[in-house]
Amino acid sequence: MGNQQKNAMPAHSVDELFKKRMKDPAYASEYTRAFNDMSAAWAITEARHAAGLTQKELALKAHLPQATVARVERGNNTSINTLSKMANALGKKIEITIR
């Protein structure tokens, strides 16, 4: 038991660890990139579900391969051009806010 206590890491909250990691510019940059990609992915996925479309149906309406829709929904290939095609096919507008 004494050995386990010696090797135990100090208890930190997830928020404390996150704040510490965000002080590293490389980590903060990668986190922000991933967050932005996933935010776009989530918005497109939610809009597709609300429209009652499958990925294949959205792809046909947007004139994109189904694989592209899948990549966007995974947070990859979230170019403005691709997102715009998908949003137009869903009858939606894209709003971009940079903070």
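Above this text sits the structure in question.
(A) Representation of the packing of helix α2 (residues 14–22) against helix α3 (residues 25–50) within the structure. Across the interface, α2 lies against α3 with an axial gap of 7 Å and an inter-helix angle of 110 degrees. Considered as vectors, α2 and α3 are oriented roughly perpendicular to each other. Facing F18, R21 and M22 of α2, the residues of α3 in contact are Y27, A28 and Y31.

(B) Quick look at the layout of surface pockets. Taken as a whole, the largest pocket encloses approximately 680 Å³ of empty space. The wall of the largest pocket is formed by 21 residues, among which N36, S39, A40, E95 and I96 lie closest to the centre. The set of elements that each furnish at least two residues to the lining of the largest pocket consists of α3 and α6 (80–89). Here the element with the most residues in the lining of the largest pocket is α3; it accounts for eight residues. Residues belonging to the lining of the largest pocket are distributed by class as follows: 12 nonpolar, four polar and five charged.

(C) Up close: the pattern of salt bridges. Overall, the coordinates contain three salt bridges when judged by the stated rule. The partner of E30 in a salt bridge is R33, with the nearest N and O atoms 2.5 Å apart. With a gap of three residues between them, E30 and R33 both fall in helix α3, about one helical turn apart. Within the structure, one salt-bridge network assembled from shared partners comprises E30, R33 and D37.

(D) Seen up close, the side chain of E73. Mapped onto the fold, E73 is located in helix α5 (residues 66–73). By relative accessible area, E73 is classed as buried at 14%. Within the structure, the side chain of E73 is placed 2.8 Å from the side chain of Q55, a separation counted as a polar contact. Apart from the residues lying within four places of it in its own chain, the contact partners of E73 are A41, I44, T45, R48 and Q55.

(E) Structural detail: a nonpolar patch on the surface. The grouping of I80, I94, I96 and I98 at the surface amounts to a nonpolar patch, some 450 Å² of accessible area in total. Residue position: I94 is located in the segment after α6. Assessed through its relative accessible area of 39%, I94 is described here as partly exposed.

Thresholds, definitions, all that
Residues numbered from 1 in each chain as written. Predicted model: local features only at pLDDT ≥ 70, side-chain atom pairs only at ≥ 80, totals over all residues. Heavy atoms only, no water. Axes fitted to C-alpha atoms, helices over the stretch in contact; angles between N-to-C directions. Helix = DSSP H or I, 4+ residues; strand = E, 2+ residues; numbered from the N terminus. Parallel < 35°, antiparallel > 145°, perpendicular 65-115°, else oblique. Contact = heavy atoms within 4.5 Å. 1 Å grid on protein atoms, 1.4 Å probe; cavity = no way out; pocket = protein on both sides within 12 Å on 5 of 7 lines; lining within 4 Å. Points joined across faces, edges and corners; volume = space filled by probe spheres on them. Nonpolar A, V, L, I, M, F, W, Y, C, P; charged D, E, K, R; others polar. Salt bridge = Lys/Arg side-chain N within 4 Å of Asp/Glu carboxyl O. Buried < 20%, exposed > 50% of the residue type's maximum accessible area, 1.4 Å probe, protein only. Polar contact = N/O pair within 3.5 Å; in protein donor to acceptor, adjacent residues only side chain to side chain. Patch = residues over 30% accessible without salt bridge, like charges linked within 9 Å, V, L, I, M, F, W, Y side chains within 5 Å. Areas by Shrake-Rupley, 256 points an atom, 1.4 Å probe, with all protein chains shown as cover.

Geometry only, nothing functional implied.
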